[in-house]
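Residues per chain are reported as follows:
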Amino acid sequence: MSSQSLYAAQEPVFPRRVKGKFRNLKWWIMAVTLGIYYLTPWIRWDRGPNLPDQAVLVDMASRRFYFFWIEIWPHEFYFVAGLLIMAGLGLFLFTSALGRVWCGYTCPQTVWTDLFILVERWIEGDRNARVRLYHGEWNIRKWRLRLTKWVVWLAIAVATGGAWVFYFTDAPTLLRDLGNYSAHPVAYGTIAILTATTFLFGGFAREQICIYACPWPRIQAAMMDPDTITVAYRDWRGEERGKKHENKTGDCIDCMACVNVCPMGIDIRDGQQMECITCALCIDACDDVMGKIGKPRGLIDYLALSDEPAERAGTPATPIWKHVLRPRTLLYTAMWVSIGVGLLYALFIRTDLELAVSPVRNPTYVLQSDGAVRNIYDIRLRNKTGDARILHLSLTSDEILRIDLEGRDGLRQLEIPADTTILQRVYVTARPNDAAASLHITDLTFWVEDLDANVRANQATTFNGRE
Amino acid sequence: MSDLKVDEETGVETTGHVWDGIEELNNPLPRWWLWTLYACIVWAIAYSIAYPAWPMLSGATSGVLGYSSRGEVAEDIAAHEAKNQGLVVEFAAVELAALDPASDLNRYAVARGGSVFRAQCSQCHGSGAAGGVGYPNLLDNDWLWGGDMDNITHSIRHGIRNDTDDDARYSEMPAFSEILETEEIDAIVEYVTSLSMPEFDAGMAEMGTVLFQDNCASCHGEKATGDRDLGAPNLADAIWLYGGDREALKYTVENARFGVMPAWGQRLTDADVRAVSVYVHSLGGGE
Ligand code: SF4
Ligand code: SF4
């Protein structure tokens, strides 16, 4: 038997407070991202009487997604798919250029953990006080501090879960319903689950989510190369480390500042590690120390590992932009941009009137008693405007083929209510002597037209003859 | 233990497992991970007590929560039926011929009739209702017994030429092989062919005309355009239930045809019969 247990208790991490430019940048990013998250559902947007006036709304019930002036219908889900692919490529681009910037600055786990640590520090004090409290016995003071902290955490967690549901329905109405306990159980359930996960992940699981639960640290290794700019320790400058009076030659005075501020609880001087989220707090901490002992900043820094030989030799390193602009990042950018341009193009050629034609091919054609040949089509008409529309249906080769709308008594016109899709069965008939009746396949285009607004849409399909 | 090895680089014991010279370090798992595993085991046991899980000799344990997927389906069906209750009542009262094609009620009837059709009628008439040889195509505008809503409903409810329903539509064509000579039958076939085909033997057809008037016109009409009261097909149009070439026609005249459809009024609820009528009427051939 081995002498050590197979299972180890979690080593809590008590990051120390730090000041510096990256810390400031992170505060700003936290403010902006949280601001966007909490405030977006409350932006109003006037779309007219029949449509919701929430700027960003995922309307599951009527299957619409509203984003300011853009309205996405379910059949346009490719926009969402495209945006997800762009998000993925963007992550690849940033990771190959700048390492785990996403993890260090904008990942929700990082942002909320940062917020939770801030609260913890306000209530229990900085690192040393927290370590003492952790090891101290459970007396009144410890209970008071712990409970206060948990209550504040819980409040943040509730606000987090609460903000999420506002994206899915009219925010002011929901807030009122939540208040008088008449909202849908799904809303309460969602808030409960998100509250629990926020509280546990931000308060207790913290760096363990990044290390064990998140797949990204494993994938990122494949995304980075020696040219990637990442947080690293200049060991050629820092070693051999030691306290000042020990007369060591390196710049690192082994003050442990970089270790004490690290929210992941690692020592960046050990080299690149999977756990490092490149949050740059160790850079701030060490730069501060370097300032105090009168050495240049940058013992820990954002740098490309490929620069090491040059720096060791004392020759100038490759400029940052040359690290960032390399074939790989340019390729990612090109792919990202082309998908973006494609989506924008698709967005601008969209009309608020659409039709989709699905030919019924069981059977492919129906012979009429007078020898005429009839094809059946199911036509889906979408009126994306906020007003009802009268639509007129026609064909390109009107003289040869006749068109009838099921259940409309010879009318070729139909009214579609605002913001609706209707399914209309349409019969197209070729008289016995028309070429289309005997030809194998004839091309055909359906047109739909709003005569009042002078808007048209069309779709091509085919007509099957007797052959 | 004596064979305990410690890795020099990290100072961690190894498990003794070596692959290609790579040794496995004995790093402990986090304890919370262990507790998560225990929690999952407890959960699994509780779950298998709460829900149907353990196989027994016949069936399985039923679980203390009394859940069954069959029960869930039944609940779903009941919920949908409750939701449709208003439409069901309305549908029972409505005059089918006066049903507004753009109404919710019509949509309900077509959807309900469509599912009845797929379950009961598609075996003969095809999933797309295009029929086949001997089974009428319900999409075209040719109707043996009439294609308005009332006639369709009557045909479905009572069926055709069955002997289980007294109101079934009934007619029978004699087998002319016992009545006429082969040559005479050939002449009739030639006459019928001349009604819809460009190429025929004029002499034979003329002889057939006379024979047709004597033997066939009483049912199929003087101009061979059929008679819906008897379900006698129109022989002058483009649609043939049993085939329109000379061979098929000859077989029909010699042996006669006798298509049977069951009386669905005896097997389906009245609402289902009405719904499937609406569905058939909506397929494009309804009059
Ligand atoms: S090592 Fe530095 S950059 Fe990496 S997680 Fe720790 S503090 Fe952040
Ligand atoms: S903060 Fe800088 S000087 Fe202090 S231990 Fe870390 S690397 Fe060395």
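The structure displayed is predicted, hence computed values, not measured ones.

Residues and elements named next belong to chain A. Looking at ligand 2, there are 13 residues lining it, with C252, C255, M256, C258 and C286 nearest. Looking at the shell around ligand 2, the elements with two or more residues in it are α11 (257-261) and α12 (281-292). Looking at side-chain class alone, the shell around ligand 2 contains 11 nonpolar, no polar and 2 charged residues.

We now examine unusual backbone geometry. All names here are of chain A. A cis amide bond, omega 0°, links E239 with the succeeding residue E240. Inspection of the secondary structure assignment puts E240 in the loop between α10 (235-238) and α11. Cis geometry marks the peptide bond from N362 to P363; its omega dihedral reads 5°. Topologically, P363 is positioned in the loop between β7 (353-360) and β8 (366-367). Residues other than glycine seldom take positive phi values, yet R206 does so here, at roughly 30°. Looking at the element boundaries, R206 is found in helix α8 (residues 185-213). For T278, which is not glycine, the phi dihedral falls at a positive 50°. Note on placement: T278 falls in the loop between α11 and α12.

Residues and elements named next belong to chain A. An order of β12-β10-β14-β15 is seen for the 4 strands of this open sheet, with the pairing classed as antiparallel. Taken across any chain shown, the strands that pair with only one partner, and hence form the sheet edges, are β12 (413-416) and β15 (455-464). Adjacent strand axes in the sheet meet at a mean angle of 25° when their direction is disregarded. In this structure, strand β10 (residues 389-395) lies alongside β12, joined through 4 bridges in antiparallel fashion. Across the sheet, residue I390 finds its bridge partner in β12, namely E415.

It is worth spelling out the packing of helix α2 (residues 78-98) of chain A against helix α15 (residues 327-349) of chain A at this point. Residues and elements named next belong to chain A. Where α2 meets α15, the closest approach of the two axes is 9 Å, and the angle between their N-to-C directions is 160°. Put simply, α2 runs roughly antiparallel to α15. For the pair α2 and α15, the crossing hand works out as left-handed. Between α2, through Y78, F79, G82, L83, I85, M86, L89, G90, F92, L93, S96 and A97, and α15, the contact on the second element is made entirely by R328, T329, Y332, T333, M335, W336, I339, G340, L343, A346 and L347. Among the residues forming the contact of α2 with α15, the class breakdown is 16 nonpolar, 6 polar and 1 charged.

A few words now on the pattern of salt bridges. Residues and elements named next belong to chain A. For the structure on display, the rule yields 44 salt bridges over all chains. For R382, the salt bridge goes to E354, with nearest N and O atoms at 3.0 Å. Note that R382 is positioned in strand β9 (residues 373-383) and E354 in strand β7, a separation of 28 residues in sequence. Each member of the pair, R382 together with E354, is buried. Notably, a salt bridge pairs D450 with R389, separated by 2.7 Å at the nearest N-O pair. Here R389 lies in strand β10 and D450 lies in strand β14 (residues 441-450), a separation of 61 residues in the sequence. Both residues of the pair, D450 and R389, belong to the buried class.

Now for the layout of surface pockets. Residue and element names in this part refer to chain A. Roughly 1,400 Å³ of internal volume is contained in the second largest pocket. As for the second largest pocket, its lining consists of 37 residues, and the residues nearest its centre are Y37, L84, P108, W164 and Y167. Broken down by secondary-structure element, the contributors of at least two residues to the lining of the second largest pocket are α1 (21-39), β2 (56-59), β3 (64-67), α2, α3 (101-106), α4 (108-124), α6 (140-165) and α8.

Regular strands show a simple pattern: their side chains alternate between the two faces of the sheet. All names here are of chain A. Because side chains alternate across β3, one face comprises the buried residues R64 and Y66, and the other comprises F65 and F67, none of which is buried. As paired strands, β2 and β3 are joined by 4 bridges and run antiparallel to one another. Its bridge partner lying in β3, V56 is registered against F67. Between β2 and β3, which follow one another and run antiparallel, lie 4 residues, and R63 among them has a positive phi close to 50°. Pairing analysis gives 3 bridges linking β3 to strand β4 (residues 70-72), with the strands arranged antiparallel. Each bridged residue has a counterpart across the sheet, and for Y66 the counterpart in β4 is E71. Connecting β3 to the antiparallel partner β4 that follows it, the hairpin turn spans 2 residues, and F68 within it adopts a positive phi of roughly 50°.

Moving on, we get to the sheet that holds β2(A). All names here are of chain A. Pairing is antiparallel across the open sheet formed by 3 strands, whose spatial order is β2-β3-β4. Sheet topology places β2 and β4 at the edges, where each strand pairs with a single neighbour. The average undirected angle you get between the axes of adjacent strands in this sheet is 10°.

Along the polypeptide, A:Q208 turns up in helix α8. Residue class for A:Q208 comes out buried when judged on its relative accessible area of 7%.

Right, let's talk about the side chain of A:D404 for a bit. All names here are of chain A. Looking at where D404 falls in the secondary structure, it is placed in strand β11 (residues 401-405). The buried category is assigned to D404, whose relative accessible area is 17%. Sequence-distant contacts of D404, defined by excluding residues within four places in its chain, comprise R425, V426, Y427 and T429.

So, about the site of ligand 1. Every residue close to ligand 1 is listed here: A:V231, A:C262, A:P263, A:M264, A:I266, A:I268, A:C276, A:I277, A:T278, A:C279, A:A280 and A:C282. Class assignment for the residues of the shell around ligand 1 results in 11 nonpolar, 1 polar and no charged.

Take the interface of chain A and chain B next. With 26 residues of chain A at the interface, the matching set in chain B holds 27 residues. Here chain A packs against chain B, burying approximately 2,200 Å² in sum over the two surfaces, 54% of which is carbon and sulfur. Taken together, the connections running from chain A to chain B amount to 9 residue pairs in polar contact (both at pLDDT 80 or more). Elements with a minimum of two residues in the side of chain A that touches chain B: β1 (7-8), α8, β8, β9 and β13 (420-430) of chain A. Here the side of chain A that touches chain B is built from residues that sort into 11 nonpolar, 11 polar and 4 charged. Pairing of β1(A) with strand β3 (residues 29-30) of chain B involves 2 bridges; the strand directions are parallel. Counterpart to A:A8 in the pairing with β3(B) is B:P30.

Further remarks concern the nonpolar core. All names here are of chain A. Within the largest apolar cluster, 39 residues are counted, with the highest numbers of intra-cluster contacts made by V231, M264, C282, I283, I300 and Y302. Among the elements that make up this core, the one with the highest residue count is α12 (7 residues). Beyond its immediate sequence surroundings of up to four residues, C282 is in contact with V231, C258, V261, I268 and I300. Residues L355, L381, L401 and A436 belong to the second largest nonpolar core, which totals 27 residues.

To continue, consider the packing of α4(A) against α6(A). Residue and element names in this part refer to chain A. Interaxial distance between α4 and α6 falls to 9 Å at its minimum, and their mutual angle equals 150°. It follows that α4 is roughly antiparallel to α6 by the angle criterion. Pair α4 / α6 crosses with right-handed handedness. Across the interface between the two elements, W112, L115, F116, V119, E120, I123 and E124 from α4 touch L145, R146, T148, K149, V152, W153, I156 and T160 from α6. Among the residues forming the contact of α4 with α6, the class breakdown is 9 nonpolar, 2 polar and 4 charged.

Thresholds applied
Residues numbered from 1 in each chain as written. Chains lettered and ligands numbered in written order. Predicted model: local features only at pLDDT ≥ 70, side-chain atom pairs only at ≥ 80, totals over all residues. Heavy atoms only, no water. Near = heavy atom within 4 Å. Helix = DSSP H or I, 4+ residues; strand = E, 2+ residues; numbered from the N terminus. Nonpolar A, V, L, I, M, F, W, Y, C, P; charged D, E, K, R; others polar. Pairing = 2+ DSSP bridges. Axes fitted to C-alpha atoms, helices over the stretch in contact; angles between N-to-C directions. Parallel < 35°, antiparallel > 145°, perpendicular 65-115°, else oblique. Left-handed = near helix turned anticlockwise from the far one by under 90°. Contact = heavy atoms within 4.5 Å. Salt bridge = Lys/Arg side-chain N within 4 Å of Asp/Glu carboxyl O. Buried < 20%, exposed > 50% of the residue type's maximum accessible area, 1.4 Å probe, protein only. 1 Å grid on protein atoms, 1.4 Å probe; cavity = no way out; pocket = protein on both sides within 12 Å on 5 of 7 lines; lining within 4 Å. Points joined across faces, edges and corners; volume = space filled by probe spheres on them. Buried area = accessible area lost by both parts, 1.4 Å probe. Polar contact = N/O pair within 3.5 Å; in protein donor to acceptor, adjacent residues only side chain to side chain. Core = buried A, V, L, I, M, F, W, Y, C linked by side-chain atoms within 4.5 Å.

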